[in-house]
Amino acid sequence: MGETNKNMVEKIKDAEELAQKIVLDAKNSATSLIEDARIKANNLVKTTRQTCFNEWREKVHDTEVQAGNQVAKLIDDATKDKNLFFESGQKTVTDVANWLANEVIISYGN
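Residues numbered from 1 in each chain as written. Predicted model: local features only at pLDDT ≥ 70, side-chain atom pairs only at ≥ 80, totals over all residues. Heavy atoms only, no water.

Draft legend 1. Region of the structure containing the overall build of the protein chain. Counting its regular elements, the protein chain contains one helix and zero strands. A compact globule built from 110 residues should have a C-alpha radius of gyration of about 13 Å, whereas the protein chain, at 47 Å, is more than 25% larger. Looking at the protein chain residue by residue over its 110 residues, the buried ones come to 0%. When the accessible surface of the protein chain is summed, it comes to about 10200 Å², and 61% of that surface belongs to carbon and sulfur atoms. The centroid of the 15 positive side-chain charges in the protein chain is displaced by 7 Å from the centroid of its 18 negative side-chain charges. (Helix = DSSP H or I, 4+ residues; strand = E, 2+ residues; numbered from the N terminus. Rg over C-alpha atoms; globule rule 2.2 N^0.38 Å. Buried < 20%, exposed > 50% of the residue type's maximum accessible area, 1.4 Å probe, protein only. Areas by Shrake-Rupley, 256 points an atom, 1.4 Å probe, with all protein chains shown as cover. Lys, Arg positive; Asp, Glu negative; His and termini not counted. Charge placed at Lys NZ, Arg CZ, Asp CG, Glu CD.)

So this is what it looks like as structure tokens:
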């Protein structure tokens with residue numbers, strides 16, 4: 001019976017060693033899975049940040065182009081308004097000059 005007890009004790013020790021190895025392998029696998037998940041999460045964050053930055057940069061560029069177009073239109077409109085104002089003022093100046101010349105001629109003669 002002593003031999004059987006030794007065999008049983010050895011079987012129990014072997015089973016405990018196998019169980020410890022299985023637990024250690026599971027811990028290592030879990031650590032590896034966690035590290036892989038962390039790397040994937042970091043890469044996803046980096047990719048998302050880059051994508052958002054690129055979208056923001058495109059929106060800024062589009063806004064700058066729109067602003068440039070609006071400024072060009074405002075300058076063009078202001079130039080047209082200035083020319084119209086100048087032309088309308090020119091006519092008024094000419095009318096006043098003619099009236100004044102006529103008044104001088106009437107008052108003082110040719």
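There's more to say after this.
Draft legend 2. Layout of the environment of Asn 98. Structurally, Asn 98 is set in helix α1 (residues 2–108). Taking the C-alpha atoms as reference points, Asn 98 and Gly 68, 30 residues apart in sequence, are found 44 Å from one another.

Draft legend 3. Expanded view of the pattern of salt bridges. For the structure shown, the criterion picks out five salt bridges. Among the salt bridges present, the one from Asp 76 reaches Lys 80, with a minimum N-O distance of 3.4 Å. Here Asp 76 and its partner Lys 80 are both found in helix α1, four residues apart, which amounts to about one turn of the helix. Its relative accessible area of 47% is what places Lys 80 among the partly exposed residues. (Salt bridge = Lys/Arg side-chain N within 4 Å of Asp/Glu carboxyl O.)

Draft legend 4. Looking closely at the packing of aromatic side chains. Following the criterion strictly, the structure yields one aromatic pair and no others. Ring geometry for Phe 53 versus Trp 56: centroids 5.7 Å apart, planes at 35°, classification tilted. In this pair, Phe 53 and Trp 56 both sit in helix α1, three residues apart, roughly one turn of the helix. Phe 53 sits in the partly exposed class, given a relative accessible area of 40%. (Phe/Tyr/Trp six-rings, centres within 6.5 Å; stacked < 30°, edge-to-face > 60°.)

Geometric descriptors of this kind do not, in isolation, establish any biological role.
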